[in-house]
Amino acid sequence: MDNSYRTGKYNFLSLSKKVLLLIGTMFVLGFAYSANAQRLLKGKDNSKSTKTTATSTKALPVDTLRKNNLDSLGKKGTKTVPDSLKKPDELETTVQYMAEDSTIMDTEKQIVYLYGDAKVTYGNISLQADFIKLNWAINQVDAHGTMDSTTKKVKGKPVFKQGSDEYNADEIKYNFKSRKALIQGIVTQQGEGYVQGKKVKKDDEDNLYIRNAIYTTCNLAQPHFHINASKIKIVGKKEIVAGPFHVELNNIPLPIGLPFGFFPYRPPQESGTSGILMPTYGEEPSGRGFYLRDGGYYFAISPNIGVRATGEIYANGSWGLGANSQYVKRYRYSGNFNLQYRKGISADESTLNPTVRNDFSIQWSHSPQSRGNSSFSASVNVVSNSYNQYNSFVTSNYTSNATNSSVQYSKNFGQTIRTGASMNISQNTTTKEITSAINYNFGLNQIQPFKKKKAVTERLIDQFRFGLDFTGSTSITNKVALDNRSYLSLPYTVYRRVDPTDTDLNKPVTVTNSTSTNLERDGVIGFNFANLGTILSKGQTKMQYSIPISLPNIKLGRYINLTPGMSLSGNVYTRKYNYQFLNFNNYATSDSLRRLGAVKIDTTNGSFIDYQYAFTMSMNTRLYGTLNFKNFGRLAGIRHVMTPSVSVSYTPDFTDTKYGFYQDVVLTNSSTGKKDTLRISSFNPTLTNVGSRSGGINFSLNNTIEAKVKAKSDTAAKEFEKITIIDNLSLSTNYNFFATKYKLAPVSFGATSRVKKFDVNIGGTLDPYVYQVNSNYGSVGEQLDEYMFSTGKGLANLSAFNMSVSKSFKPGGNKPKTSANGTEGQMKQINRNIDSYVDWSVPWEFQFSYQYNYAKRGLAPAVTVSAVTFSGSVKMTEKWDFKVQSGYDFINKGVSLTNISIHRDLHCWEMQFNWTPAASPLYGRGGSYSFDLRVKSSLLQELKLSRRRSFYDSGGF
């Protein structure tokens, strides 16, 4: 039986009056009969499509002649003909209803009663309950649960949904036309919070007015804590406003309350939520006094970018502002920009004129994802000289005096040409030295110029390949001259003006904010517009080029490869130095020093080129040895692979003056008073070495040992499996034919292996030379040009040895974390800082590493390091997490940096305790601890209890 009705006026076909009278009589009889009540079969879906006007008081019958209700094939239709007389206040869409148990219709009163898992749908609004009454006369729906005769509990309480909003209640009355509702006993989630109330009114703008309400971020029916308010208003999807309220913990009222409350929220969205950032508070007892830090506002601009604007203020008048922005473009790039400004005032109360510092910090990081043939990345870190000292609370930044910034761009053209450019800025906050450089490079991958494209066989000359690597840099610095210490480190005296007041050569090469830089001592001037001309005039441009050449590979027999090679490289300079020795030094402080003379340095600007070339020839092969076993347990065989390699090289001595890259300067020896000849680089006054041509033979031997074992099970996919016993056991050394002494270099050895999933690394050096006692060489002694094996003292001394053993225990491996509830940017943040989060899916993990180092030079006593470090975490229960990090130094018999952390999940709260009982005594840092008990939700993040002690200030409750 079709239960679809339609109210309004019909346009009937032109029929005879008799037919109309007959149809009208049948309809009246049917209407009177159905008013007594009609039972429908259980489980049948009874949908009602309705168009109701304000003047409609009863439903009209269905026209059996309408084609849209029943076609010629007997199929039901849902299409309705628009009513030309429809009024503007009628319903905008159809109302559909169904019930699992039964449906009773009172057609006279236009009321439908739905029993058992009933549901009514109107557009984006749906209502589910065990009982629903649908009144068409007033366009109202009433819903409530029913008493279960078995459990004596109410079942099927109403659930009202409108879009993404959901309301659980004891009873609901809703009017389709006015869009207003009256709700009893509501429970609804708004953002991260939950609101419960006894009596609620909902207006047509989706605002909720709640009496005797509670607000909490705990999702339990009886929350662990809540805010109890006499009235709460939920304004659309923007905020929650509460009247006078107080806090209750586990239903115990606390003496904490306010006359009103404001809780901004927004529904979950990709871009996050904008809102207020509450500041942290504490005290710097020996610094700026009481403070409020990191308070401000977060702007969720879009799913791709967010901005965090914060500020801070101190009791002594210091203040600061900052802005931090994170951005991400899916599959393209991600980055972070941070700008900070601080105005600091001296905390010394006895100072009448306190020192004022203006500090700033600019940080920018940009990371692209590999895509296409070009990329851009940046890592910028620029700070004022005193920013880290007074404003950084990170230990590594607090103790660091150097910052570096770089911006890179690269682009490849096809498979052959590659280009790139970068800009680097380095800064030393102690010496005030700033260096900025622009770097550029051009590369040509190796090509085969003689190879024919359609050649069937390869000729020997086809293997000839060459490439090109060209790099250059243009740099400027405010260190326009060598500092006093650099001059004193040179093996010759420079004819220059010396600062007569600088008598203490051990004092730091630095200046205070109140004094100017001493150019003669430091060589550093202020990096500002006033000195820009001087800085630019001292700028340097340097370029390097390299032409790698690969000659054809020659096969000797069947197993030996012979590969000749040649390389050509050099530099391009814009400045060249000329050295002249003056017999009398007018700037010396005594007559005896004046008579020793000094070297005068003259600078010539222009373009100057040097070059270096070398020849090599290498020969290598591979040897295999196999040992098979029968009836030797699971071991079926062992294979040993040896890869010996021998190479010969030759490089001329480009420090020879005949090439024009170095100059010989005859000067007076300050110790003997005799004339000596010193060779100085024409392009760098600090390079004074006398080189020599080099040519020799290099030897290396690599070994790999593998075992072939039978599978443990007969049903295994493979009958045998391969196990690596020694991954790489290597020996290497070289012999220089042109060296005046010590022609044989020390022998280096190393080995890597994985034993029972333990990573083992071993390395060392063997010194073949004899040492004898000589007081001029200290405890090391004098190294003789004699081999130990030639004097009967053995083969070699172990001069260095290192060994490390490490292991990581973690069920499930170290796979990146994924979640359907997090955005791509959020999961990247978690995986980049995985140690800052608690992973409850892993019950435990443990890592340890043992390190042993041995070093012995000549006859000097050996220096050893033996230490073990470990870290681990144990999730004792689903809610408890325990972490520890520590180590032990066996040589110094002391504990290294130790940190203990305990985390407790308290459902809607969390507790975190960190304790560092042993820390580095450097920079005055001792042990520290912190304790935090806070609400998880970001909405109530300032509802917390904190206590901490650290190396830079003193916190409080």
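Up top you'll find the structure we're talking about.
An account of the accompanying structure is given in this report. (Residues numbered from 1 in each chain as written. Predicted model: local features only at pLDDT ≥ 70, side-chain atom pairs only at ≥ 80, totals over all residues. Heavy atoms only, no water.)

1. As for the packing of aromatic side chains
To describe a pair of aromatic rings, one takes the distance between the centres and the angle between the planes.
Then step 1. Counted according to the given criterion, the structure contains 36 aromatic pairs.
Then step 2. Residues F160 and Y167 carry aromatic rings whose centres are separated by 6.0 Å and whose planes lie at 40 degrees to one another, so their mutual orientation is tilted. Here F160 and Y167 have matching classes, each one buried.
Then step 3. Here the aromatic rings of F450 and F464 are separated by 5.6 Å at their centres, their planes lie at 50 degrees, and the arrangement is tilted. Highlighted residues: F450 in the loop between β29 (433-447) and β30 (465-477) and F464 in the loop between β29 and β30, separated in sequence by 14 residues.
Then step 4. Connected via pairs of aromatic rings, a cluster forms that spans Y611, Y613, F615, F654, Y659 and F661.
Then step 5. Between the NZ or CZ atom of K411 and the centre of the ring of F413, over which it lies, the distance is 5.6 Å.
Then step 6. Between the NZ or CZ atom of K807 and the centre of the ring of F809, over which it lies, the distance is 5.0 Å. (Phe/Tyr/Trp six-rings, centres within 6.5 Å; stacked < 30°, edge-to-face > 60°. Buried < 20%, exposed > 50% of the residue type's maximum accessible area, 1.4 Å probe, protein only. Helix = DSSP H or I, 4+ residues; strand = E, 2+ residues; numbered from the N terminus. Lys NZ or Arg CZ within 6 Å of the ring centre and 35° of its normal.)

2. Overview of the pattern of salt bridges
Then step 1. A full pass over the atoms with the stated rule returns 17 salt bridges.
Then step 2. Two residues, R459 and D462, come together in a salt bridge whose shortest N-O distance is 3.0 Å.
Then step 3. Judged by relative accessible area, D462 falls into the buried class, the value being 1%.
Then step 4. Between R934 and D932 there is a salt bridge whose closest N-O contact spans 3.7 Å.
Then step 5. Residue class for D932 comes out buried when judged on its relative accessible area of 7%.
Then step 6. Bridged by salt links that share partners, the residues R639, E706 and K722 form one connected network. (Salt bridge = Lys/Arg side-chain N within 4 Å of Asp/Glu carboxyl O.)

3. Remarks on the nonpolar core
Then step 1. Counting 47 residues, the largest nonpolar core has I132 and L134 as its most contacted members.
Then step 2. In this structure, Y487, F581, L667 and I680 belong to the second largest nonpolar core, which totals 12 residues. (Core = buried A, V, L, I, M, F, W, Y, C linked by side-chain atoms within 4.5 Å.)

4. As for unusual backbone geometry
Then step 1. For N139, which is not glycine, the phi dihedral falls at a positive 55 degrees.
Then step 2. Along the polypeptide, N139 turns up in the loop between β4 (125-135) and β5 (140-144).
Then step 3. Residue classification places N139 among the buried positions, given a relative accessible area of 5%.
Then step 4. Of note, the phi angle at R179 is positive, near 60 degrees, even though the residue is not glycine.
Then step 5. Take R179: it is sitting in the loop between β10 (171-175) and β11 (181-190).
Then step 6. Here R179 falls in the partly exposed class, since its relative accessible area comes to 29%.

5. A few points about the pairing of strand β17 (residues 252-258)
Then step 1. Across four bridges, strand β16 (residues 245-249) lies against β17 in antiparallel orientation. Considered in β17, the bridge of H246 is made with G257. (Pairing = 2+ DSSP bridges.)

6. Details of the side chain of S406
Then step 1. Inspection of the secondary structure assignment puts S406 in strand β27 (residues 402-413).
Then step 2. For S406, a relative accessible area of 15% gives the class buried.
Then step 3. Within polar-contact distance, the side chain of S406 engages the side chain of Q408 at 2.7 Å.
Then step 4. Apart from the residues lying within four places of it in its own chain, the contact partners of S406 are A378, S379, V380, M423 and N424. (Polar contact = N/O pair within 3.5 Å; in protein donor to acceptor, adjacent residues only side chain to side chain. Contact = heavy atoms within 4.5 Å.)

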